[in-house]
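# Inside the fold
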Amino acid sequence: MRVIEVDNYDEMSEKAAELILEKIKENKHANLGLATGGTPVGTYRCLIKDHTENKTSYKNVQTFNLDEYIGIDPDNPNSYHSYMKANLFDHIDIPAAQTHIPNGNAEDLAIECLRYDKMIEEKGGIDLQLLGIGTNGHIGFNEPGTPFASHTHVVELAQSTREANARYFNSLDEVPTHALTMGISSILASKGIVLLASGEMKADAIYELLYGKIDEEMPASALRKHSNVTLIADKDALKKVK
Ligand code: F6R
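Residues numbered from 1 in each chain as written. Predicted model: local features only at pLDDT ≥ 70, side-chain atom pairs only at ≥ 80, totals over all residues. Heavy atoms only, no water.

Taken as a whole, this structure holds 11 salt bridges when the rule is applied. E5 serves as the salt-bridge partner of K235, at 3.8 Å between the closest nitrogen and oxygen. With a gap of 230 residues between them, K235 in the segment after strand 10 (229-234) and E5 in strand 1 (residues 2-6) connect regions that are remote in the sequence. For E5, a relative accessible area of 34% translates into the label partly exposed. E26 is the salt-bridge partner of K23, the closest N and O atoms lying 3.2 Å from each other. Of the two residues, K23 and E26 are both situated in helix 1 (residues 9-26); the distance of 3 residues between them amounts to about one turn of the helix. For E26, a relative accessible area of 61% corresponds to the exposed category. A cluster of three or more residues bridged by salt bridges with shared partners is formed by E5, D7 and K235. (Salt bridge = Lys/Arg side-chain N within 4 Å of Asp/Glu carboxyl O. Helix = DSSP H or I, 4+ residues; strand = E, 2+ residues; numbered from the N terminus. Buried < 20%, exposed > 50% of the residue type's maximum accessible area, 1.4 Å probe, protein only.)

In C-alpha cells form, the structure reads like this:
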C-alpha cells in the first residue's frame, strides 16, 4: 500500500482531487467509484473548483457510488443521492444518466444488488475507487464480520455507524437501520483505490489497517490484498503509526 502523509484535511483533499483529475486526463471515459460521508466533501470541493477554473469535463465519465440507505426517498436531504447532487453532481457537467447509486427503495433489494454489480461489470469496471474508513474499520457499509467475498448486499448498520451518522439527522431514531453497499469483493475489483483518512478519530482504524491482521473483523484490512491502493492520511490519522 502506498501511503501519502499530509498535514491536514485540506491537503488530503487536494491530493485526492489531483489523483482523480490525473485519471480523467489519462482517460476521459474513466469510471470513478465515489464515497459519501464527511471525508470526501473537501475532495469534491477541489474537483468543483477545478471544473470552474480549468473546465475539466465529466461528459464522458461514469460514477458509481458505494452505498445508499434503505427506505429513504432519493429526494430526502439525507439520502446519498441528495448528498452527491449537493456536493458534486450539481456543480460539474456530468450527465445524470452517468451517475449510478444503488437504489435503496427498489422493490426487490436482492435483484437490485445483482443489477448493480452486473452494471458495473458491463460498463468495464471501476478505474479508481475513492473510499473513506469508519472508526470500526468499515469500508462502504461493510461492517466488521462481512465476508471478504461479498458482492453488493443489504446490511444492517452497526450501532456505532448509526451514531456516527446521526449528526446529519434530527435524531438517532431517524437514521436508517439498513443500507445497500458494494461488497468487499466488489470494491477489490476496482483497478485502483484511494483511501482517505483525516483526524484522530481514525487513528486506531488506520493503525489496524496497516499493522493488524488481515481479517474479516477489520473490513479495511482486505485492501492489503490489492496491489494498487493509495492511502492519503493526515498527521492526526497517522498518529498511532509512529
Ligand atoms: C460512505 C461510506 C462510509 C464512510 C465512512 C467514513 O459512502 O461508504 O464507509 O466512508 O463511514 O465516514 P466519514 O467520512 O463521515 O468519517
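Burial along strand 2 (residues 31-34) is two-sided: N31 and G33 facing one way and L32 and L34 facing the other are all buried. Here 4 bridges tie strand 2 to strand 3 (residues 62-65), and the two strands are oriented parallel to one another. Bridging from a neighbouring strand, L34 pairs with N65 of strand 3. For the crossover that starts at strand 2, traverses helix 2 (residues 41-54) and ends in the parallel strand 3, the hand is right-handed. Here strand 2 pairs with strand 6 (residues 128-131) via 2 bridges, running parallel. (Pairing = 2+ DSSP bridges. Right-handed = clockwise from strand over helix to strand, strands pointing away.)

Attention now goes to the UniProt feature "active site" (unreviewed entry) in the protein. If you check UniProt for "active site" (unreviewed entry), the listed places come out as D67, N136, H138 and E143 in our numbering. Mapping D67 onto the fold places it in strand 4 (residues 67-69). Excluding residues that lie within four positions of it along the chain, D67 makes contacts with T36, Y80, I101, P102, G140, F141, L180 and T181. With respect to the secondary-structure elements, N136 resides in the loop between strand 6 and strand 7 (153-156). Its relative accessible area of 19% is what places N136 among the buried residues. Not counting residues up to four positions away in its chain, the partners in contact with N136 are E143, P144, A158, S160, T161, M218 and P219. Within the local environment of N136, its side chain forms a polar contact with the backbone nitrogen of H138, the two atoms lying 3.0 Å apart. (UniProt positions renumbered as here; feature names shortened; annotations may be inferred. Contact = heavy atoms within 4.5 Å. Polar contact = N/O pair within 3.5 Å; in protein donor to acceptor, adjacent residues only side chain to side chain.)

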